[in-house]
Structures are given as structure tokens and as C-alpha cells.
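# Notes for the structure review
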Amino acid sequence: MQIAEKKVVGIHYKLTNDDGQVLDTSEGRSPLMFIHGIGMLIPGLEKALVGKSKGDQLNVSIAPEEGYGVKDPNLTQKVPKAQFEEPEKIEVGTQFQVDTEQGAIIVTVTEVGAEEVTVDGNHPLAGMTLHFDVTVDEVREATEEEIAHGHVHGEGGHQH
Ligand code: ZN
């Protein structure tokens, strides 16, 4: 069976950046299970997987536009330190949730000044070319219930 829209797919993967640094991997875990074609994966990876079958391996490099997007400079802003409850605990890399008009987003502290803190609301992988090593572990039909729920049931998925 080949990967196509509405198939349930399990993959093992390793994600590295341009420097070969491992950013994420399924090694030692269950395969990542998803329903293909409904936007559960970044677009570039979904496209690369179309037509693949169980046991297939692929290496794919994905540009930011097909990954987590390019960095949006408007999502970076300076916030007065006084606005934080515990400003002494803020350091570069600290992440917290902020409510915006578009809903809650995770921001990351990128700079701590004397009076101001710079936070970045871009996805941590935005602006990066992503290199995936993927092995297809499973391909099967999605059940009607899975399609209705928008997620995979059973092992590696929802257990309800
Ligand atoms: Zn469900």
C-alpha cells in the first residue's frame, strides 16, 4: 500500500539542521503516527512521502517555505522587564505562552537587556532548512472514525 491522502502512516525519522545537528528523532520511541494529507506534518514532508510504502527510506531537505515558514520579523518584540512577574528569572531560551489576537503562541526569549527583554514568537524551526531521514514503518487505511476525529487511534495514537 502506498502513502496517499487519508492513509494512516507511521514513520521513524531523524531531523537535522544544516550543520548535521540532530534536532529531533523518533529513535527509541514508537513511530510517529499521522493521517496523511490533513496537515499533521509540514507540507514538504507530506509531499515527499506520497507514493512511498512500508520499508521505504528517504532523505529529504525541506526549505523553510515548505517547513515551519520563514521568520516573521513582526513576531519579534521588545517587552519592558517590569512586565514580568519574576524578571530576575528570565534568561535567553526561556519559553512562555502569550495570548494574542490570533490565539495563544509560544515565545522564546532571545535577548535580555537591562530594561527590556526581546521575545520571538516564531516557531523555533522557522527559517531553517530541515533535513529528514525517514523510514516508513506502516501504511494502512484510516478508519472513518479516525478521519472524523482527525487523529490516529491505537498504538502511537489516541487511546480512547
Ligand atoms: Zn479519536
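Residues numbered from 1 in each chain as written. Predicted model: local features only at pLDDT ≥ 70, side-chain atom pairs only at ≥ 80, totals over all residues. Heavy atoms only, no water.

### Some words on the overall build of the protein chain
Looking only at helices and strands, the protein chain has 2 helices and 9 strands in total. Starting at the N terminus and walking to the C terminus, you meet the elements of the protein chain as β-β-β-α-β-β-β-β-β-β-α. Expected size for 160 residues packed as a compact globule is a radius of gyration near 15 Å; at 19 Å, the protein chain overshoots this value by more than 25%. In terms of principal-axis extent, the alpha carbons of the protein chain reach across some 60 × 35 × 30 Å. Residues classed as buried in the protein chain amount to 32% of the 160 residues present. Of all intrachain contacts in the protein chain linking residues separated by at least 6 positions in sequence, the fraction that spans at least 24 positions is 62%. Surface exposure of the protein chain reaches about 9,800 Å², of which carbon and sulfur atoms provide 47%. Looking at charge distribution, the protein chain has the averaged site of its 12 positive side-chain charges lying 5 Å from that of its 28 negative ones. (Helix = DSSP H or I, 4+ residues; strand = E, 2+ residues; numbered from the N terminus. Rg over C-alpha atoms; globule rule 2.2 N^0.38 Å. Buried < 20%, exposed > 50% of the residue type's maximum accessible area, 1.4 Å probe, protein only. Contact = heavy atoms within 4.5 Å. Areas by Shrake-Rupley, 256 points an atom, 1.4 Å probe, with all protein chains shown as cover. Lys, Arg positive; Asp, Glu negative; His and termini not counted. Charge placed at Lys NZ, Arg CZ, Asp CG, Glu CD.)

### Points about the environment of V60
Along the chain, V60 turns up in strand β4 (residues 57-62). Expressed as a C-alpha distance, the spacing of V60 and H131, which sit 71 residues apart in the sequence, is 5.8 Å. Beyond its immediate chain neighbours, meaning those up to four positions away, V60 contacts L45, A48, L130, H131 and F132.

### Things to note about the side chain of N17
With respect to the element layout, N17 can be found in the loop between β1 (7-16) and β2 (22-25). Here N17 falls in the buried class, since its relative accessible area comes to 11%.

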